Amino acid sequence: MNGQTWVPSAQTPGQRAVGIGMLAVLGLVALLLVAGGIWLLAVGGSPYYLVAGILVGATAVLLRRRVQAGIALYAVFFIGTLAWALWEAGLDWWPLAARLGVPFVLGALLLLPAVKRPFAPVSPAPAVRREASRVLAAGLLAFVAVAVASWLRDPWTIEGSLPQRTGTSAPTGEMPAGEWQAYGRTAFGRRYSPLTQITPDNVRRLVPAWTYHTGDVRGRPGDPEETTFEVTPLKVGNRLYLCTPHQSVVALDATSGKEVWRRNLKLRASLALQHLTCRGLSYYKADAPAASAVPVAPAASAASAASAVPTASAASSANGATAAAARACAERLFMPTADGRLVALDAASGENCSSFGNGSGEIDLWTHMPNVRPGAYYSTSPVVVTRRLVIVGGTVLDNASVHEQSGVIRAFDVDTGALVWNWDSARPEQTAPLTGEQTYTPNSPNSWSVSSVDESLGLLYVPMGNQPPDQWGGRRSPAVERYSSSIVALELATGRVRWVFQTVHHDLWDYDVPAQPVLVDLDVRGQTVQALVQATKQGEIFVLDRRTGEPVHPVTEVPAPQRAAGGDHTAATQPVSAISLAPPVLRERDMWGGTMFDQLMCRIAFRQLRYDGRFTPPTIGGSLVNPGNFGVFNWGSIAVDPVRGIAFTTPAILAFTSQLVPRPDATALMVQDSGPPQGSLPALNENFGAPFAARMKPFVSPFGVPCQEPPWGTVAGVDLVSGQIVWRHRNGTVRDLSPVPLPFKMGVPNLGGPIVTAGGVAFLSGPLDYYLRAYDVTTGRELWKHRLPAGAQATPMSYQGADGRQYVLVAAGGHGSTGTRPGDAVVAFALPAGTP
């Protein structure tokens, strides 16, 4: 009887409504799959969706005619889809769920008696009906079994244990173990605390000790989208020091969290800001010991500069008059402001240090700077402080024009503010301070991140960015080509280049070096190496000899995709490290979505974009950039245990699209899709003066979820001695990213750095759900988490309070670009008093 058409029997209105509704759903699914399937097939993609649409449509037709073969045909469709999904995705739950979620729900509905009844033949054929239903039920149960099996294993997981060893790097130096006196705790940037009170055995007992609210929340008039609370506070004595997005500096009691003093540095109005943030302050103590003295460059003492930046000779003549003021500021904080000043504050009171900057307590970083536009240039990151110098880099607007400010690195006398040397990457040999009306080179590569310093070697390590525009480099000079996206070692005494190591050649992807270099001594192949560990946006972790810039672990030049846009070129090869957390090459089958429909659209988009693997150059038609400029690693860097020679890392996996838009002239707005920028805010990605504007977007589905399958964020443990990735786990939930708070551990991106402690625990708050988490450093296992009041895209820190307890502290204020909830909280955690 199967296949026979029967005269319909009378149906109740309810049955008729159910039947019509089911047929409408099947018809719509079929229509979407057929239309999308034809489109995908036309651009060279999988035929599955067209075949699936035909089968679902045929099912609807048969059910409409009340032919029992409709259920059997749907069973064939579902079982075929299950086999196809396993072939493409294996036992990986989230890719399977995207492919099979809708078909499973439809199949389950077709087995419900209330749904089947309107489609039942008048002349019963019970055996045939039961057989078709059983086949479909068996298919659904098979999917359930596959789902359970996929939940028991994660193909992204690497299980292992980092080695226990005693290394050669001194863990504390001259700093008390309970303090955190620099952004990365020390000038070596390790983000490592030698405290041991909190351990894997007791971390689950951590509780909030106190919370402080700064009152500074994004959303004020004139705020750019990227208004962020990214601060890592300092801890000196029993004081905490932090800064806020709108440029207030706050001192707190480290044990109680009570405010001690507060200064608002009062920005000027109408700033051309891309970012409004402060990642941290820098601390200086006049009588602080150093490993070695760093002499001031002889050339600097004879130079003169503009009045806002006193020369070394002028400052010397005023030393006697300012000696008392200097003693009052024996401990000082340095704060770079968003309007282009460097302010020195007395750590005791928050007042300006009158011995610095011609009596004003500040210096004007716009001195000798070309293309003056307040807000377009400033340092979002803490400055570097040595025994004699305070060293400042800065950020410029990303891709606004080819007429931006200079990326010059400047060293000032730490006591007086006298300019000692300046290193301009476009004129790398000329480091004597500029005089008169001279200006630095416009649009030269800049350094917006945090530098590190080894005073015993007399070297400063600068992570360099790129020259705007990022996506087109047809007019770059030889000097720009050499220093862009590089790590540059500068002599502290003179500012001259000792060595340079380039992490990306002819960078067209905004792969600037985003993270503070980590300085650590490693025992590698039987020798102690004074190493530098550099995490990069493209996912490479380069380990170099910090004395020479030579690789400690192998670096290989691999062929790179060619055929750049008109007037440009691409590098023939790109460097790849032996330690690489770069994402794998994407394939069509790696596309994802919340449903099979947006997954289909992502497949179409993937086929329409140019993608030749990593380092695919931007094109007019659009290119896929994987990883995108969000980066595998960003300014949060990595955390390194110098005793064990291991690193706790937080790789993100997010692709972006990059499309070049030809410019008809130097002024037209080409990519401001939401209209001209408000007020004085800049028009980003227009590249005024270049041949192309650039349209940069995350690679997401029409529903706004990433087009690549999860995880989008992981944690990974690296043995820096052997160069091995020992463990890796997906990290973070979509609770605060989905329309409803679903606690699914899919692995979400991280923005903010980790810390590690000698107690064997790592802490991280940067993932885009609102938690501070603790991990076992050895295995990467998550041990504890606590809900935070807002996004915490910042790096935590740890210190010891006056009560003898170890505290872990994090700023939770959200991040404008990631859309996490804004806030103003600084939250400290500790074990309850008396915890063993």
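Think of each chain on its own: its residues are numbered from 1, step by step along the sequence as written. Local features in a predicted model are, by the rule used here, given only for residues with pLDDT of at least 70; side-chain atom pairs are given and counted only at 80 or more, and totals for whole chains, interfaces and linings are based on all residues. Side-chain calculation: all heavy atoms of the structure are included, whereas hydrogens and water are not.

1. Remarks on empty space enclosed by the protein
The criterion, for reference: For cavity detection a 1 Å grid was placed over the protein atoms alone, and a set of points counts as a cavity when a 1.4 Å probe fits there but cannot get out; an open set counts as a pocket when protein lies on both sides within 12 Å along at least five of seven lines, with lining residues being those that have an atom within 4 Å of a point. Grid points are joined across faces, edges and corners, and a volume is the space filled by probe spheres set on the points. Gly is put with the polar residues, along with every residue not named as nonpolar or charged; the nonpolar set is Ala, Val, Leu, Ile, Met, Phe, Trp, Tyr, Cys and Pro, and the charged set is Asp, Glu, Lys and Arg.
Under the criterion given, the structure shown has 7 cavities of 30 Å³ or more. Reported here for the largest cavity is a volume of approximately 80 Å³. The wall of the largest cavity is formed by 13 residues, among which Ile391, Val392, Gly393, Ser449 and Ser451 lie closest to the centre. Residues belonging to the lining of the largest cavity are distributed by class as follows: 7 nonpolar, 6 polar and no charged. Each pocket or cavity is described by its volume, and for the second largest cavity that value is around 70 Å³. For the lining of the second largest cavity, the class distribution of residues is 5 nonpolar, 7 polar and no charged.

2. A closer look at the packing of helix 3 (residues 69–89) against helix 4 (residues 93–111)
Each pair of packed helices gets described by two things: the angle between the helix axes and the distance between those axes. Operational definition: Only C-alpha atoms enter the line fits that serve as axes; for helices the fit covers just the stretch in contact. Angles between N-to-C directions range over 0 to 180 degrees. The helix count covers DSSP runs of H or I at least four residues long, the strand count covers runs of E at least two residues long, and both are numbered beginning at the N terminus. Throughout this description, any angle smaller than 35 degrees is read as roughly parallel, any larger than 145 degrees as roughly antiparallel, any in the 65 to 115 degree range as roughly perpendicular, and the remainder as oblique. Definitions for this section: a left-handed crossing has its near helix turned counterclockwise from the far helix by less than a right angle. A right-handed crossing has that turn clockwise. Contact criterion: two residues are considered in contact whenever any of their non-hydrogen atoms come within 4.5 Å of each other.
Between helix 3 and helix 4, whose axes approach to 10 Å, the crossing angle comes to 165°. Judged on the interaxial angle alone, helix 4 and helix 3 are roughly antiparallel. Here the hand of the crossing between helix 3 and helix 4 comes out left-handed. On helix 4, the residues that touch Ile71, Tyr74, Phe77, Phe78, Thr81, Leu82, Trp84, Ala85, Leu86, Glu88 and Ala89 of helix 3 are Pro95, Leu96, Arg99, Leu100, Val102, Pro103, Phe104, Leu106, Gly107 and Leu110. Classifying every residue of the contact of helix 3 with helix 4 gives 17 nonpolar, 2 polar and 2 charged.

3. Let's talk about the packing of helix 1 (residues 13–42) against helix 11 (residues 596–608)
One can describe the packing of helix 1 onto helix 11 by two numbers: an axis separation of 10 Å at closest approach and a directional angle of 10°. Considering the angle they form, helix 1 stands roughly parallel to helix 11. Residue-level inspection shows Val29, Leu32, Leu33, Gly36, Gly37, Trp39 and Leu40 of helix 1 in contact with helix 11, the latter providing Met596, Phe597, Leu600, Met601, Arg603, Ile604, Arg607 and Gln608. Of the residues that constitute the contact of helix 1 with helix 11, the class distribution is 10 nonpolar, 3 polar and 2 charged.

4. Re the state of the cysteines
Defined as follows: Counting rule for disulfides: a pair of cysteine sulfur atoms within 2.5 Å. Working definition: with a 1.4 Å probe on protein chains only, accessible area under 20% of the residue-type maximum means buried, over 50% means exposed, and in between means partly exposed.
Following the criterion strictly, the structure yields 3 disulfides and no others. Cys243 shares a disulfide with Cys278; S-S distance 2.0 Å. A torsion of -85° about the S-S bond marks the disulfide between Cys243 and Cys278 as left-handed. Of the two residues, Cys243 is situated in strand 5 (residues 239–243) and Cys278 in the loop between strand 8 (275–276) and strand 9 (282–285); the sequence distance between them amounts to 35 residues. In this structure, Cys243 and Cys278 share a single accessibility class: buried. Each disulfide pairs two cysteine sulfurs, and for Cys602 the partner residue is Cys707, the sulfurs being separated by 2.0 Å. Across the S-S bond of Cys602 and Cys707 the torsion is about -75°, and the bridge reads as left-handed. Separated by 105 residues along the polypeptide, Cys602 in helix 11 and Cys707 in the loop between strand 32 (692–698) and strand 33 (714–719) bring together distant segments of the chain. Judged by its relative accessible area of 0%, Cys602 falls in the buried class.

5. Re the sheet that holds strand 32
Using the following cut-off: DSSP calls a pair of strands paired once it identifies at least 2 bridges connecting them.
The sheet built from 3 strands is open, its strands ordered 28-31-32 with antiparallel pairing. One side of each edge strand has no neighbouring strand; the edge strands of this open sheet are strand 28 (623–625) and strand 32. If you compare each strand with its neighbour and ignore which way they point, the axes differ by 30° on average. Pairing of strand 28 with strand 31 (residues 656–662), which is carried by 3 bridges, proceeds in the antiparallel orientation. Its bridge partner being in strand 31, Val625 is matched across the sheet by Phe656.

6. Details of the side chain of Asn466
Here is the rule we go by: What qualifies as a polar contact is a pair of N or O atoms within 3.5 Å, subject to a donor-acceptor requirement within protein and to the restriction that residues adjacent in sequence count only when both atoms come from side chains.
Mapping Asn466 onto the fold places it in the loop between strand 20 (459–463) and helix 10 (478–483). At 3.4 Å, the side chain of Asn466 forms a polar contact with the side chain of Ser484. From its side chain, Asn466 meets the backbone oxygen of Asp507 in a polar contact 3.1 Å long.

7. A look at the side chain of Thr714
Counting through the fold element by element, Thr714 comes out in strand 33. At a separation of 3.0 Å, a polar atom in the side chain of Thr714 contacts the side chain of Arg728. Residues in contact with Thr714, not counting those within four places in the same chain, are Thr649, Thr650, Pro651, Ile653, Arg728, His729, Arg730 and Asn731.

8. With respect to the pairing of strand 25 (residues 541–545)
Judged by how many residues are buried, strand 25 sits mostly within the fold: 5 of 5 residues are covered. In strand 25, alternate side chains face the same way, and those of Ile541, Val543 and Asp545 on one face and Phe542 and Leu544 on the other are all buried. As defined by bridge partners, strand 24 (residues 527–535) adjoins strand 25 across 5 bridges and the pair is classed as antiparallel. Looking at the pairing, Val533 lines up with Val543 of strand 25. Between strand 24 and strand 25, which pair antiparallel and follow one another directly, the connecting turn spans 5 residues, one of which, Gly539, has a positive phi of 100°.

9. With respect to the confidence of the model for the protein
Threshold: pLDDT gives the predictor's per-residue confidence on a scale running from 0 to 100.
Summarising the model, the protein shows a mean pLDDT of 91, and 92% of its residues fall at 70 or more. Confidence drops under pLDDT 50 across residues 1–8; counting only partners more than four residues distant or on other chains, this segment forms 17 contacts. For residues 288–319, every residue scores under 50 in pLDDT, and the model assigns this stretch 61 contacts once sequence neighbours within four places are set aside.

10. Observations concerning the packing of aromatic side chains
As a reminder of what qualifies: Pairs were defined over the aromatic rings of Phe, Tyr and Trp, the Trp ring being its six-membered one, requiring ring centres within 6.5 Å. Orientation was assigned from the angle between planes: stacked under 30 degrees, edge-to-face over 60, tilted for the rest.
The tally for this structure, following the rule as stated, stands at 27 aromatic pairs. Ring geometry for Phe334 against Phe356: centres 5.4 Å apart, planes inclined by 65°, an arrangement best described as edge-to-face. Of the two residues, Phe334 is situated in strand 10 (residues 331–336) and Phe356 in the loop between strand 11 (341–346) and strand 12 (362–364); the sequence distance between them amounts to 22 residues. Here Phe334 and Phe356 have matching classes, each one buried. Judged by centre distance (5.3 Å) and plane angle (50°), the rings of Phe648 and Tyr775 are tilted.

11. Here we look at the sheet that holds strand 19 (residues 452–454)
The sheet built from 4 strands is open, its strands ordered 19-20-21-22 with antiparallel pairing. A strand with exactly one partner marks an edge of an open sheet, and here the two such strands are strand 19 and strand 22 (497–502). Each strand of the sheet is rotated relative to its neighbour by a mean of 15°, with strand direction disregarded.

12. A word on the nonpolar core
The condition is simple: Buried Ala, Val, Leu, Ile, Met, Phe, Trp, Tyr and Cys residues form a nonpolar core when they are joined through side-chain atoms within 4.5 Å.
Leu26, Tyr74, Leu110 and Leu136 are the most contacted members of the largest nonpolar core, which totals 56 residues. Mapped onto this core, the elements with two or more residues apiece are helix 1, helix 2 (48–64), helix 3, helix 4, helix 6 (126–151) and helix 11. The dominant element in this core, judged by the number of residues it contributes, is helix 4, at 9 residues. Residues within four places of Leu110 in sequence aside, it is in contact with Met22, Leu63, Ile71, Tyr74, Val115, Lys116 and Leu136. Trp210, Tyr212, Val343 and Trp784 belong to the second largest nonpolar core, which has 54 residues in total.

13. Considerations on unusual backbone geometry
Across residues other than glycine, the phi torsion is negative in most instances, and most of the peptide bonds are trans. Cis geometry is adopted by the peptide bond preceding Pro469, which originates at Pro468 and carries an omega value of 0°. Tracing the backbone shows Pro469 in the loop between strand 20 and helix 10. The omega angle of the peptide bond from Pro710 to Pro711 is 10°, so this bond is cis rather than trans. Its place among the elements puts Pro711 in the loop between strand 32 and strand 33. Residues other than glycine seldom take positive phi values, yet Asn371 does so here, at roughly 55°.

14. Side note on the environment of Asn629
Looking at the secondary structure, you find Asn629 in the loop between strand 28 and strand 29 (639–641). When the C-alpha positions of Asn629 and Ala565 are compared, they lie 19 Å apart, and in sequence the two are 64 residues distant. Ignoring sequence-local partners within four residues, the contact set of Asn629 consists of Trp509, Asp510, Lys537, Asn634, Phe656 and Met696. Separated by 3.1 Å, the side chains of Asn629 and Asp510 make a polar contact.

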